[in-house]
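Geometric and topological summary
Read off the chains here:
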Amino acid sequence: MDFEDTDAEASFRTEVCAWLSRHARQKQSGDVADIAAVPPTMDDARAWQATKAERGYARITWPKEAGGLGGSPMQQIIFNQEEAKFDVPSGHAFAIGLGMCIPTLMAYAAREMIDRHVKPALRGEEIWCQLFSEPAAGSDVAGLRTRAQRDGDAWIVNGQKIWTSGAHYSDYGLLLARTDFSAPKHKGLTMFFLSMKSHGVEIRPIRQASGGANFNEVFFTDVRIPDAQRLGEVGQGWTVALTTLMHERLAVGGGGGGMLDVKELLALARNLEVEDGPALKNAVVRERIADWYVRSAGLKYTTYRTMTALSRGQQPGPEASIAKLVVASKLQDLAAFALELEGESGALAGEDAPEHGIFQSGWLSAPGLRIAGGTDEILRNIIAERVLGLPQDVRVDKDVPFNELPGGR
Amino acid sequence: MNFDFSDEQKLLREQARKFLADKSSPDARRVVLEGKQGHDAALWNAISEMGWLGTVIPETHGGLGLGYLELCVIAEELGRVLAPVPFSSTVYLFAEALLAAGSEGQKSRLLAKVATGKGIGTLARAEGPGAVTPKSIRTVLRNDRLSGRKVAVPDGMEAQFAVVLARTGEETAERGLSLALVDLASHGVRRRVLDSIDPTRKHAEIVFDNVDAELLGPMGEGWSLMRRVLDRAAVLMAFEQIGGADACLHMAREFALDRYAFGRAIASFQAIKHKLADIYVANELARSNAYFGAWALSTDARELPLAAAAARISATQAFNIAAKESTQTHGGVGFTWESDCHLYLRRSAALALALGPQRVWKDRLVRELELSNAT
C-alpha cells in the first residue's frame, strides 16, 4: 500500500508538468484566496482549451483520431492534478459538451456529423448543452413532454426545457423529445441535436435561490430540426439518453462543492470567540469538526481507492457513487454550523460577513448541490438498486400509454 | 497510486473468511452469550493453529513476522463473525504494549506464549465510570508491588497476563504514570466477571492487593505508551467494526429481499432502500478511513495518530448505524433473542466503548489537526 505513481505514471506526470510549465504559469501560494482577481474570460478559456487540444490533452482518454491522446483514465487524473497547480482558466464551460454530449454523438451520429462537430468542441470553439429536464420531468426525466413531430425530412419541435446549464453561451444542444405520445413513456422518446441559434429557440436565464444565474429555461416554438440530426432510432431516445447520463454521473460525481471544507471551518474557529473562550477550544465545536473531517477524509481516500482501480487497469468499484451524496449534505451542515458560530454576524453576507461570506454563499448554494445532477433521493435509489441489488420501486406508469397518464400540476 | 490491499492480502482475506465460516459456529457463540463459557475455546485453538495470534510478532519470538496489513485483513473477518474470543485484548492491546515497550527479556518470555495461543493478555486502564484521565488512575505501582482496582477490564477473566496503567509518581499529570506487567495467577489478584452489554466479549473487575509486578517500559512513560498502543489498536479495531458493519448490511439486505409486506418485498420500499443506502455510504467512508489507518500503521507514519482517530470515529459511526438500522429493518424479529441482530448491536456498543468513547477520539483528532496546521 502506497501513494506512489507507477514508473509509467511518473514519467507521464513529468511530461505533463514540463508541457504545462512551457504553456502556463504555476500558481503562487496567495493566488487561491485572491477573490478580487479578474476572472478569466470565455476567450481565455477557449484559447487554453485550443492549446491543450493541439497536444491531445483536451481529452486524454479519447482516441487519437478524435483528437484525444488515446490515454488511460489514470492519465486524465494525473493531468487534472498537475493542471490544477497552474494558473489556467477553468474548462467548466466545455465540461457538459465534452463529458456528455460529444460522447453521445460519437456513439450514435453519422461519420460526417462526428467529423464536423468533435474537433470544434474539443478546441472550445463550439460549446454544447444538454436539453433533457423539463418543468414536469426532473428526477423522472422520461416523463418529458416536449413534442417533436415529423414533417418530411425534418422534425418540428414545441415545448420547454429547464435547468439547462450554459444554454445562454452554447452553440449546440442535445435534445431529448417525445415523438410518440401513445407509447409508454420510455418508448416514445427520440434524441436529436440542434443549433441553439435555430429559429424558434428562446433562452431565458433562471435566477437561482442563491442569487446566481447558471441555469436557463429554453423554449421551443416550431423549431425545425433536420432528420439527419436524429441520434439513434425513432423511439429509442431513452437508450441513447442512458449513454449520456452514464457519462453525467462520471462527470458530476467527481467533485463539486469542495471549496468549503474543514480547513475553512478550522480557520474560522481559530479566530472566533464563543461564550467560553476561543471557538476551537469549545468541545461542541471540536466534535463537529471531527465529524466533518472523517467524512472529507473518507471521501478523499475513497477517491484514492477508485484511482487505484484505474491505475491497475480495472473498473472502479461502486464506492465511487457516494461522493456527491456525501459532499452536498456536508456542505449544507458545515456551512449552517459556521453561520451559528459567527453569531449575529452570521446573518450578513458577501463582503459584510466574516471570511468574505464564504460560509453564507456555501450555505446558499448547498440546496442546489443536493438537487443538481441527481437528487439525494435519486442517488440513494441508485446505490440501493445498482450497488445493493434491491428491487426497483413499483412503476405504475411503466406500461401505460403516455397520453393516458395523469399529469399532475 | 496503490491504495488497496495486495492480491496476497486479498487471498488471505478469502481464506480467513472461509476458515471462520467453517470454524466459528453460531451455536458456540450462543454458549458464550448465555455465559456457559468465557470464550469459544475451540475457535481460539483453531485460530492459534493458523498462527493469526502471532501475525505481526517476529519469527524470533514464534510469530509469523507478517505485516499489519495482514492483521487488518484478519481483524475484519473476525469482526464479521463476531468471533467470541479474546483476540483484540490479546493481540491489539497486550502484544502491542509488549512490542512497544517490552524489554528483550519480557518479549522473549511472553510474545511466544501469545503467538502460540498459550497466553491470553489484556490491558487494564479504567477504574470506574467516567473518562480515563491521568488524574483518575489510583492503582499504584511501588517497589514492584501493584495495588488497586480496575473496572472494566476487557476479557479480564480470560486473561493470564495484564498490562496495567498505574501510578508511579506523585504528579497527577501524565508523567506520574507507568505501565506494569502482571501475571494474573499471582498471589493477591482477585477478579470477578461482570455483566457486560456484549456477553460474547466479557469484562471483569480485577483487584490487585500488593501483587508482584514489573515495570513495562520506562518509568513515567505509561500514558504516552498507552496512547501509542491505543492508536494502533484503534486501526485494528476499526477493521473489526467494518467487518461487523458489513455483516449487518448483508443481513438487512437478505431479510428485506425475503420479507414481503403489502404485497411486495420490503426491499422495494424507499424507506428501506434509503436506509440501506445510508448504511452503505457510512461503511464505505469508514473503510476508506480505515485503509488510510492501515497504511499509517504498517509504515509507522507520522500521520498515525490522526489516521487512527479518523479510522476509529468513522468505523464506530458506521457500525453503530449498521447495527441499529439492521435491527430496525428486521422489525419484531430483530428484537428477539434468537435473532443475531442484538449480537451485532451489543458488539457495536462494546467496540465503540472499548478504547474510550468517541468524544475523546474526536478531541484527539482535532488536536492533531491543530498540530499539523501549526507546523
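Residues numbered from 1 in each chain as written. Chains lettered and ligands numbered in written order. Predicted model: local features only at pLDDT ≥ 70, side-chain atom pairs only at ≥ 80, totals over all residues.

**Here we look at the overall build of chain B**
In terms of regular secondary structure, chain B is built from eleven helices and ten strands. In terms of overall size, chain B behaves like a compact globule, its C-alpha atoms giving a radius of gyration of 21 Å where 375 residues would be expected to give roughly 21 Å. Taking the contacts inside chain B whose residues are at least 6 apart along the sequence as the reference set, 73% of them involve residues at least 24 apart. (Helix = DSSP H or I, 4+ residues; strand = E, 2+ residues; numbered from the N terminus. Rg over C-alpha atoms; globule rule 2.2 N^0.38 Å. Contact = placed C-beta atoms within 7 Å.)

**Here's the deal with the overall build of chain A**
Looking only at helices and strands, chain A features eleven helices and ten strands. Taking 2.2 N^0.38 as the reference for a compact globule, 409 residues should give roughly 22 Å; the C-alpha atoms of chain A span a radius of gyration of 23 Å, in line with that estimate. Dimensions of chain A along its principal axes, counting C-alpha atoms only, are 75 × 50 × 45 Å. Here chain A holds 409 residues, and 37% of them are scored as buried. Sequence-distant contacts, at least 24 apart, represent 69% of the contacts inside chain A between residues at least 6 apart. (Buried ≥ 20, exposed ≤ 12 C-beta atoms within 10 Å, placed from the backbone.)

**Quick notes on the pairing of strand E3 (residues 145-154) of chain B**
Look at any regular strand and the pattern is simple: side chains alternate between the two faces of the sheet. All names here are of chain B. The sheet contact formed by strand E2 (residues 140-142) and E3 spans three bridges and is antiparallel. In the sheet register, Val 140 faces E3, and the bridge partner there is Ser 147. The antiparallel hairpin formed by E2 and E3 contains two residues in its connecting segment, where Asn 143 sits at a positive phi of about 50 degrees. Here E3 pairs with strand E7 (residues 203-212) via seven bridges, running antiparallel. Within the sheet, the bridge partner assigned to Pro 154 lies in E7 and is His 203. (Pairing = 2+ DSSP bridges.)

**What about the pairing of strand E1 (residues 121-124) of chain B?**
Residue and element names in this part refer to chain B. Along E1, one buried face is formed by Gly 121 and Leu 123 and the opposite face, lined by Thr 122 and Ala 124, is buried too. Here four bridges tie E1 to strand E4 (residues 161-167), and the two strands are oriented parallel to one another. What sits directly across from Thr 122, in E4, is Ala 162.

**Considering unusual backbone geometry**
Ala 152 of chain B follows Val 151 of chain B through a cis peptide bond whose omega is -5 degrees. Position of Ala 152 of chain B relative to the elements: it lies in strand E3. For Glu 355 of chain A, which is not glycine, the phi torsion reads 55 degrees and is therefore positive. Look at Glu 355 of chain A and you get partly exposed, because 16 C-beta atoms sit within 10 Å. Here Asp 144 of chain B, not a glycine, exhibits a phi torsion of approximately 60 degrees, which is positive. On the secondary structure map, Asp 144 of chain B appears in the loop between E2 and E3.

**Focus: the interface of chain B and chain A**
The interface is formed by 37 residues belonging to chain B together with 37 residues belonging to chain A. Those elements that provide at least two residues to the side of chain B that touches chain A are strand E10 (264-265), helix H8 (270-299), helix H9 (304-329) and helix H11 (358-374) of chain B. Take the side of chain B that touches chain A: its biggest share by element is 17 residues, from H8 of chain B. Tallied by class, residues from the side of chain B that touches chain A come to 20 nonpolar, nine polar and eight charged. (Nonpolar A, V, L, I, M, F, W, Y, C, P; charged D, E, K, R; others polar.)

**Topic: the environment of Arg 253 of chain B**
Secondary-structure assignment places Arg 253 of chain B in helix H7 (residues 222-258). Arg 253 of chain B gets classed as buried once you count the C-beta atoms within 10 Å, which come to 21. For the pair Arg 253 of chain B and Ala 308 of chain B, spaced 55 residues apart in sequence, the C-alpha to C-alpha distance is 30 Å. Excluding anything up to four places from it in sequence, Arg 253 of chain B contacts Leu 388 of chain A together with Leu 276 of chain B.

**Some remarks on the packing of helix H5 (residues 87-101) of chain B against H7 of chain B**
Residue and element names in this part refer to chain B. Two elements in contact, H5 and H7, have axes whose closest approach is 9 Å; the angle formed by their N-to-C orientations is 145 degrees. With respect to the hand of their crossing, H5 and H7 are arranged in right-handed fashion. Counted together, Ser 88, Tyr 92, Leu 93, Glu 96, Ala 97, Ala 100 and Ala 101 of H5 and Leu 225, Arg 228, Val 229, Arg 232, Ala 233, Leu 236, Met 237 and Glu 240 of H7 form the full contact between these two elements. Grouping the amino acids of the contact of H5 with H7 by side-chain chemistry returns ten nonpolar, one polar and four charged. (Axes fitted to C-alpha atoms, helices over the stretch in contact; angles between N-to-C directions. Left-handed = near helix turned anticlockwise from the far one by under 90°.)

**Brief notes about the packing of H8 of chain B against H9 of chain B**
Residue and element names in this part refer to chain B. Interhelical geometry of H8 versus H9 gives an angle of 155 degrees and a closest axis separation of 8 Å. One way to sum up the angle between H8 and H9 is to call them roughly antiparallel. Relative to H9, the crossing made by H8 is left-handed. Its residues placed into classes, the contact of H8 with H9 shows 18 nonpolar, six polar and three charged. (Parallel < 35°, antiparallel > 145°, perpendicular 65-115°, else oblique.)

**Notes on H8 of chain B**
Residue and element names in this part refer to chain B. Between its first and last C-alpha, H8 extends 43 Å over 30 residues, near the 44 Å set by a 1.5 Å rise per residue. With 24 of 30 residues buried, H8 is to be regarded as a mostly interior element. Backbone geometry just downstream of H8 places Asp 300 in the positive-phi region, at approximately 55 degrees. (Expected span 1.5 Å × (residues − 1).)

**Topic: helix H8 (residues 283-311) of chain A**
The end-to-end C-alpha separation of H8 of chain A is 41 Å, in line with the 42 Å expected for 29 residues at 1.5 Å each. Phi turns positive one or two residues past the end of H8 of chain A, at Gly 313 of chain A, with a value near 75 degrees.

**Description of the environment of Gly 121 of chain B**
All names here are of chain B. As for its placement among the helices and strands, Gly 121 is situated in strand E1. Judged by C-beta crowding, with 27 C-beta atoms within 10 Å, Gly 121 ranks as buried. The spacing of Gly 121 and Ala 213 is 92 residues in sequence and 15 Å in space, taken between C-alpha atoms. Contacts of Gly 121, omitting those with residues within four sequence positions, involve Ser 89, Thr 90, Phe 94, Ala 95, Val 114, Ala 159, Gln 160, Phe 161 and Ala 162.

**Observations regarding the confidence of the model for chain B**
For chain B, the mean per-residue pLDDT works out to 96, and 99% of the residues sit at or above 70. Note on the complex model: pTM 0.94, ipTM 0.95. (pLDDT = per-residue confidence, 0-100.)

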